[in-house]
Amino acid sequence: LKPASACGRAFPRQSQAMASAFKDTSSPGGLKALNNHLASRPYVGGFLVSEDDFTLFARVSDSVDPKMYTHVARWWRHVHALSKLRPGAAFVPAARVSTTAPAKAGKQAAPKAAAAAAPLPNGTAAEEPKNFLQKLIETSVAPGGRCHGRPKGDCVRTRFPPEPNGYLHLGHAKSIVLNFGLAKKYGGRCHLRFDDTNPASEKMEYINGIQEDVKWLGYDWGKHLYFASDYFDTLYEWAVLFIKQGKAYVDQQNGAEIKDGRDNGTNSRFRDRPMEENLQLFEDMRAGKFKEGEAVLRAKIDMKHGNVNMRDPLLYRVVHQSHPRTGDKWCIYPLYDYAHGQEDAVEGITHSICTLEFGNHRELYDWFIDNLPIHDKQLNPVKGYDRPYQTEFARLNVSSFVMSKRKLKKLIEAGVVSGWDDPRMPTIRGLRRRGIPPEALRRFCEEVGVTNTENTTIDYTKLESTVRETLDPVVPRRMVVLDPVKVVITSYNGGAMDCTIANHPKDEAQGSRTVPFQREVYVERDDVRETDDPQYYRLKPGGEVRLRGSFVIKCEEIIKDSSGKITEVKATHDPETLSAPPKGRKVNGTIHWVPASGAVDCTVRLYSFLLRAESGGGSEEEEDAKDDFLNQVNPDSKVEFSGAKGEPSIKAAKTWDRFQLERQGFFVVDPDTDAGTLTLNRVVGLSESGLKKAEDSDAAGRSRKAQQEADAKKKEELKKLPPQEMFKGETDKYSKFDDNGIPTHDAEGKELTKNAVKNLKKAWDKQKKTYEANK
């Protein structure tokens, strides 16, 4: 480091012991000690930056985890910014800890430049933090990079390549945002390409629907819409070329034999057929002379290869089904591994971005491209283009969401949901119908970030908070009572009186509307209770509440029917409280209401997760392994209030209009709305109100001890429960059991899957150990 006097700005120097006390800044223990030290001070020496900060800064990696070492990360950003004020000083942070293989001997890895996360003190813009894909592309477009000098608007080419065998879900949204976003950021273009290589499961319905979804998210591919089927002739021609070069052969083993051979690294007995015979057999496959499963075309690579994907992969199989675009022209179709890399090459894609599970396939991707004349068939060729390169990123998983396309299809087939656009579905069109705006979905996908480490699961509350933050500043407020109880205000004898209520409490520009106050109004059933609990702040005998934007009323009488259900409330009002607080007393509660006369009939739908909390979410691979997931369907995933009442102003609402319903959440007008009834879907709930928090906090204080006692009692009871008895009481789930009491059939008599029985057996074994240890 240069002396402070030579840098144009003097920084004091603290005791050398301060910097030397934290020599170890690479281990978790050393970082923890530094983090604790910085918890109570902005700089290592106290409240002023010193040379010791810069000395220590040079030893701390720029990849410190900001969640684990919050204070170190904050300090690092400040010192990094201040280093910009020291002309001529070369402050280089410690190199990142490598997550890849170590560099070869004799090659020294260059230290990576730090990324500033905050604005600099002198007002200049801070360097934008970049993910690994952005850094990769910036290297490509920089002088000397493989994409340098390409024309503006075509600097890079990415693609979003969905398979049209279903509708897109939240995981696809991340890929859309990523690929289209990178192309826009770096002056390129993104192709929308359908990998339509499996006519058995593909439909024009999905092709059209996916295009709608991508456009709804806010992206446009322009004239660059492509299909794998556009290249079927080219792919066939190249397959014939492979045969002529001795790099492909027709295999007539069955599927089980092929799988066993690849697993064990043994050659097919058909591997060494003469080239002429393979050509004829492949032509026979195309001519429809083979049934499905009787013959496939395989690449001849290496059956002993360490990567099983390189063990003579399949190129073509027989499928006797009409294709949604090519009809019956073909009865053989290319496999995905063979097709998608060549599609990238033909389209001149520069950056082929896939999810992590394709990492082991990259070697095969490269083999095909290296062994085919890809430049002969290019569309819109760019001078100097070499080839596409595949890079993988971690897919998006969200807790409590069903992300497996196979499962989503089963939910539709079983009638659990109404279709792909059911608001409970994690599909893009389901999220749209739920009322989530596209800008919130884009923001969520951007904020969760991009990594190339193992797939992680994002908590669903992150999505909820993003939606809430997007809607809250812009949507108007309205009042709707879901489960109405009539309140007769006996002291009010006048006609309807308009109460003026702001459309948005924080945005005067949204104006206001009037809600007529009347002798009879509706309030929520949950806002009425026969109780003398002093911590209950809503309507109770003798209790007072304010009606939003109107008067304070007092509950005088609660009327119930023969079953004990509350049917009506008699109340009085304080006429001095329309625009003023009550005199001489405090009223804690404010509730929403609607006038009984002129109220709009509404159907309100509240949605929750499709699967019970203990079973939902995780990666697609984990979900696919749970064959018994239909047994975990949440019966309360949809709760409908068909007799809800809305304030008169909501009658003018149109499909897709969004509102915040007072104390209920954010809602959208559903397409099911008709002339007689307004249908509203809850998009997302509100953060808890102060009133509810106060009530819940008091209730929690009273019940916590009781809950702890109940949990302890249940734990003791389990110690005495024989494992043979643990499932016998769950007759709502199971109907048959084996000799040990382990369920074998569900409540409807259907045999449980092997995976389900295996999981139940694990729980049984655990209970057996607990029981035997406490005999």
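Residues numbered from 1 in each chain as written. Predicted model: local features only at pLDDT ≥ 70, side-chain atom pairs only at ≥ 80, totals over all residues. Heavy atoms only, no water.

(A) Main features of the packing of aromatic side chains. Per the counting criterion, the structure on display carries 21 aromatic pairs. Aromatic side chains phenylalanine 242 and phenylalanine 368 sit 6.2 Å apart centroid to centroid with 45° between the ring planes, which places their arrangement in the tilted category. Pair noted here: phenylalanine 242 is in helix 8 (residues 232–244) and phenylalanine 368 is in helix 12 (residues 362–370), with a separation of 126 residues, a long-range link. Residue phenylalanine 242 shares its accessibility class with phenylalanine 368, and that shared class is buried. An aromatic cluster is present here, built from Phe232, Tyr236, Phe242, Phe282, Tyr316, Trp330, Tyr333, Tyr338, Trp367 and Phe368 joined pairwise through their rings. Arginine 387 extends its terminal NZ or CZ atom over the ring of tyrosine 389, reaching a point 4.3 Å from the ring centre. (Phe/Tyr/Trp six-rings, centres within 6.5 Å; stacked < 30°, edge-to-face > 60°. Helix = DSSP H or I, 4+ residues; strand = E, 2+ residues; numbered from the N terminus. Buried < 20%, exposed > 50% of the residue type's maximum accessible area, 1.4 Å probe, protein only. Lys NZ or Arg CZ within 6 Å of the ring centre and 35° of its normal.)

(B) View of the sheet that holds strand 18 (residues 544–547). The strand order 21-18-19-20-14-17-22 describes an open sheet built from seven strands, whose pairing is mixed. Looking at which strands have only one partner, the edges of the open sheet turn out to be strand 21 (590–591) and strand 22 (594–595). Examined bridge by bridge, strand 19 (residues 552–560) and strand 20 (residues 566–574) share eight bridges and lie antiparallel to one another. Looking at the pairing, valine 552 lines up with aspartate 574 of strand 20. (Pairing = 2+ DSSP bridges.)

(C) View of the packing of helix 8 against helix 10 (residues 275–286). Where helix 8 meets helix 10, the axes come as close as 9 Å, and the angle between the chain directions of the two elements is 155°. Looking at the two axes, helix 8 sits roughly antiparallel to helix 10. On helix 10, the residues that touch Tyr236, Ala239, Val240, Ile243 and Lys244 of helix 8 are Met275, Asn278, Leu279, Phe282, Glu283 and Arg286. Classifying every residue of the contact of helix 8 with helix 10 by side-chain character gives seven nonpolar, one polar and three charged. (Axes fitted to C-alpha atoms, helices over the stretch in contact; angles between N-to-C directions. Parallel < 35°, antiparallel > 145°, perpendicular 65-115°, else oblique. Contact = heavy atoms within 4.5 Å. Nonpolar A, V, L, I, M, F, W, Y, C, P; charged D, E, K, R; others polar.)

(D) Structural context of the pairing of strand 17 (residues 520–524). In terms of residue burial, strand 17 counts as a mostly covered element, since four of its five residues are buried. Note that strand 14 (residues 484–489) and strand 17 share five bridges and pair antiparallel. Residue valine 485 lies in a different strand from strand 17, and its bridge partner there is valine 523.

(E) Quick peek at the pattern of salt bridges. Under the criterion given, the structure shown has 50 salt bridges. Here lysine 259 makes a salt bridge to aspartate 263, at a shortest N to O gap of 2.9 Å. One end of the pair, lysine 259, and the other, aspartate 263, are both in helix 9 (residues 255–264), four residues apart, so they sit about a helical turn from each other. For aspartate 263, a relative accessible area of 44% translates into the label partly exposed. The network of salt bridges with shared partners includes Asp421, Arg433, Arg605, Lys638, Glu640, Asp670 and Asp672. (Salt bridge = Lys/Arg side-chain N within 4 Å of Asp/Glu carboxyl O.)

(F) Just the nonpolar core, in detail. Judged by nonpolar contacts, the single largest core of 39 residues is most densely connected at Leu170, Ile176, Val214 and Leu441. Beyond its immediate stretch of four places on either side in the chain, valine 214 contacts Phe160, Leu168, Ile176, Phe180, Tyr219 and Trp221. Residues Met285, Ala345, Leu364 and Tyr365 belong to the second largest nonpolar core, which totals 38 residues. (Core = buried A, V, L, I, M, F, W, Y, C linked by side-chain atoms within 4.5 Å.)

(G) A look at the side chain of asparagine 681. Tracing the backbone shows asparagine 681 in strand 27 (residues 678–684). Within the local environment of asparagine 681, its side chain forms a polar contact with the side chain of tyrosine 607, the two groups lying 3.3 Å apart. Setting aside residues up to four positions removed in sequence, asparagine 681 forms contacts with Pro423, Arg433, Arg434, Arg605, Tyr607, Phe666, Phe667, Val668 and Asp670. (Polar contact = N/O pair within 3.5 Å; in protein donor to acceptor, adjacent residues only side chain to side chain.)

(H) Quick peek at the environment of lysine 174. Tracing the chain through its elements places lysine 174 in helix 6 (residues 170–185). On the basis of relative accessibility, which here comes to 6%, the residue lysine 174 falls in the buried class. Filtering out sequence-adjacent residues up to four positions away, lysine 174 remains in contact with Phe393, Ala394, Arg395, Leu396, Cys445, Gly449 and Val450.

(I) Geometry of the environment of leucine 463. Looking at the element boundaries, leucine 463 is found in helix 16 (residues 460–471). Distance in space between the C-alpha atoms of leucine 463 and arginine 443 is 9.4 Å, their sequence separation being 20 residues. When neighbours within four sequence positions are excluded, leucine 463 is seen to be in contact with Leu170, Phe401, Leu441 and Phe444.

(J) Representation of unusual backbone geometry. With phi around 80°, tryptophan 656 is a residue other than glycine that occupies positive phi space. Note that tryptophan 656 resides in the loop between strand 24 (638–646) and strand 25 (658–661). The backbone of arginine 663 sits at a positive phi, close to 65°, despite the residue not being glycine. Following the sequence through the fold, arginine 663 ends up in the loop between strand 25 and strand 26 (665–669).

(K) Molecular detail of helix 7 (residues 204–216). The end-to-end C-alpha distance of helix 7, which contains 13 residues, comes to 18 Å, matching closely the 18 Å that a straight helix rising 1.5 Å per residue would cover. Looking only at helix 7, the buried set comprises Tyr206, Ile207, Gly209, Ile210, Gln211, Asp213, Val214 and Trp216. The inward-facing, buried residues of helix 7 contact strand 1 (157–160), helix 6, strand 2 (189–194), strand 3 (225–227), helix 14 (428–434) and helix 15 (438–447). One or two residues past the end of helix 7 sits glycine 218, with phi positive at roughly 110°. (Expected span 1.5 Å × (residues − 1).)

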